[in-house]
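One letter stands for each residue in the lines below.
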Amino acid sequence: MDAIRADSIVKDFGEVRALNGVSLGVEAGELFFLLGGSGCGKTTLLRCIAGLEEPSSGQIFFDGENVTALPTHKREAAMVFQSYALWPHMTVGQNIGFGLEERKVPKSEIVERVKEVLEMVRMPGFEDRGIDQMSGGQQQRVSLARALVVKPKCLLLDEPLSNLDAQLRLEMRSEIRRIVKENGLTGVYVTHDQEEALSMADRLAVMDGGRVEQVGSPEQVYRNPRTSYVASFIGETNLLSGKVSRIAGEGGVAVETKAGELMGRVTDDEWLPALEDQVQVSIRPEAIRLSPQGSQLNGKVMEKMYLGESIQYRVEIAEGIDMQVSEMNPRAVLEEGAQVGLKIQVEDVVLLRD
């Protein structure tokens, strides 16, 4: 049974439909990500799960119990906000213990539980520090500790790392995952950062326009996108339009594009293209190997961008059609204007509905 389940959630704000029939389940002990661009509905869904927004229709279940009408504090869930939402006039310990005071927990127990969660977030002895003495990373740890001190079953996180610098974000990624796993929590985490989701999630849902486009593990969603939106939102991809020219054995499908024929595979179990169907072809830049001309595709290097550990090329394969190519650990750099061939394995060519 899912620890959290959203069933056909619709949320309207006046004439704007923020969520349009969203259904998904989060397993117990799972760190589950809601991922998508601005306005896709991910934060609205999280707030419906938390009880901070009431769905226009649909239901929210925790451990099989319908909690749609329950107030936030009765859902055994705690939320960590992007802004930290800490009180500057209180000490670290007072901020963390505030929720326990509201619940009329004895003072001696509050002291012990505050110490316990500060150990958990690796900030022992910080009880009497002022919030204004904390760095951004430390404030986020205090925010996490405040959520954990009430011993929730579910931890809900709304873009908690977006205000941190790049190095702190990297550190806090592993810290948040460690805290969720060590404490047996079920975590639901909202972000627009694809790298954050890919590196931290057990599973993720990609959202767009108030709907769930795809759910799966980071590897499944990255390798087997089901729509062009998912393919282009998760990482980088090259999208080519084409027409199905033949159906081969073992699921292989040939597509005729303006640059030539490509053999690829279908990742959507509910769809199989027919001959002459218009489709999209998705190819990740790192899946392309450069070689002498005479390969599947041929082209000319139009731009290069050297990044140290990798180099990115823009290769024109037909008039007005470019391919992005990424090469890791480059030992030689091709100059602009160089004629090249592009080799692509069948399993790296994904066919999508046009």
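Relevant structure appears above.
First things first, this report covers the structure right here in the doc. All of these numbers come straight from a predicted model, not from anything done at the bench. (Residues numbered from 1 in each chain as written. Predicted model: local features only at pLDDT ≥ 70, side-chain atom pairs only at ≥ 80, totals over all residues. Heavy atoms only, no water.)

1. Quick notes on the overall build of the protein chain
Inference 1: A tally of helices and strands in the protein chain yields 8 helices and 20 strands.
Inference 2: A principal-axis box enclosing the C-alpha atoms of the protein chain has dimensions of 75 × 45 × 35 Å.
Inference 3: In the protein chain, which comprises 354 residues, the share counted as buried stands at 49%.
Inference 4: Pairs at least 24 apart in sequence give 65% of the contacts found in the protein chain among residues at least 6 apart.
Inference 5: Between the centroid of the 39 positive side chains of the protein chain and the centroid of its 54 negative side chains there is a distance of 3 Å. (Helix = DSSP H or I, 4+ residues; strand = E, 2+ residues; numbered from the N terminus. Buried < 20%, exposed > 50% of the residue type's maximum accessible area, 1.4 Å probe, protein only. Contact = heavy atoms within 4.5 Å. Lys, Arg positive; Asp, Glu negative; His and termini not counted. Charge placed at Lys NZ, Arg CZ, Asp CG, Glu CD.)

2. Quick notes on the nonpolar core
Inference 1: With 46 residues, the main nonpolar core has Ile96, Leu144, Leu155 and Ile176 as its most contacted residues.
Inference 2: Setting aside residues no more than four positions away along its own chain, Leu155 makes contact with Ala78, Val80, Leu144, Ala147, Leu148, Val180, Leu185, Thr186, Gly187 and Val188. (Core = buried A, V, L, I, M, F, W, Y, C linked by side-chain atoms within 4.5 Å.)

3. Points about the pattern of salt bridges
Inference 1: Under the counting rule described, the total for this entry stands at 23 salt bridges.
Inference 2: Of the charged contacts, one joins Asp268 and Arg353 as a salt bridge, the two residues approaching to 3.4 Å between their closest N and O atoms. Here Arg353 lies in strand β20 (residues 350-353) and Asp268 lies in the loop between β13 (260-266) and β14 (278-283), a separation of 85 residues in the sequence.
Inference 3: Assessed through its relative accessible area of 9%, Asp268 is described here as buried.
Inference 4: One salt bridge connects Asp322 with Arg314, and the closest N-O pair in it is separated by 2.7 Å.
Inference 5: With relative accessibility at 21%, the residue Arg314 sits in the partly exposed group.
Inference 6: Taken together, the salt bridges that share partners define one network made up of Arg122, Arg141, Glu175, Arg178 and Glu182. (Salt bridge = Lys/Arg side-chain N within 4 Å of Asp/Glu carboxyl O.)

4. A closer look at the packing of helix α4 (residues 136-148) against helix α5 (residues 166-182)
Inference 1: Closest axis-to-axis distance for the α4/α5 pair is 11 Å, and the angle between their directions is 15°. It follows from the interaxial angle that α4 and α5 lie roughly parallel. Between α4 and α5 lies a crossing of right-handed hand. Side by side, α4 and α5 meet where Gly137, Gln140, Arg141, Leu144 and Leu148 of the first sit next to Leu168, Met172, Glu175, Ile176 and Ile179 of the second.
Inference 2: When grouped by side-chain class, the residues that make up the contact of α4 with α5 number 6 nonpolar, 2 polar and 2 charged. (Axes fitted to C-alpha atoms, helices over the stretch in contact; angles between N-to-C directions. Parallel < 35°, antiparallel > 145°, perpendicular 65-115°, else oblique. Left-handed = near helix turned anticlockwise from the far one by under 90°. Nonpolar A, V, L, I, M, F, W, Y, C, P; charged D, E, K, R; others polar.)

5. Some words on unusual backbone geometry
Inference 1: Not every positive phi belongs to a glycine, and Asp63 is a case in point at roughly 50°.
Inference 2: The topology assignment puts Asp63 in the loop between β4 (57-62) and β5 (65-66).
Inference 3: With phi around 60°, Lys104 is a residue other than glycine that occupies positive phi space.
Inference 4: The exposure class assigned to Lys104 is exposed, which follows from its relative accessible area of 72%.

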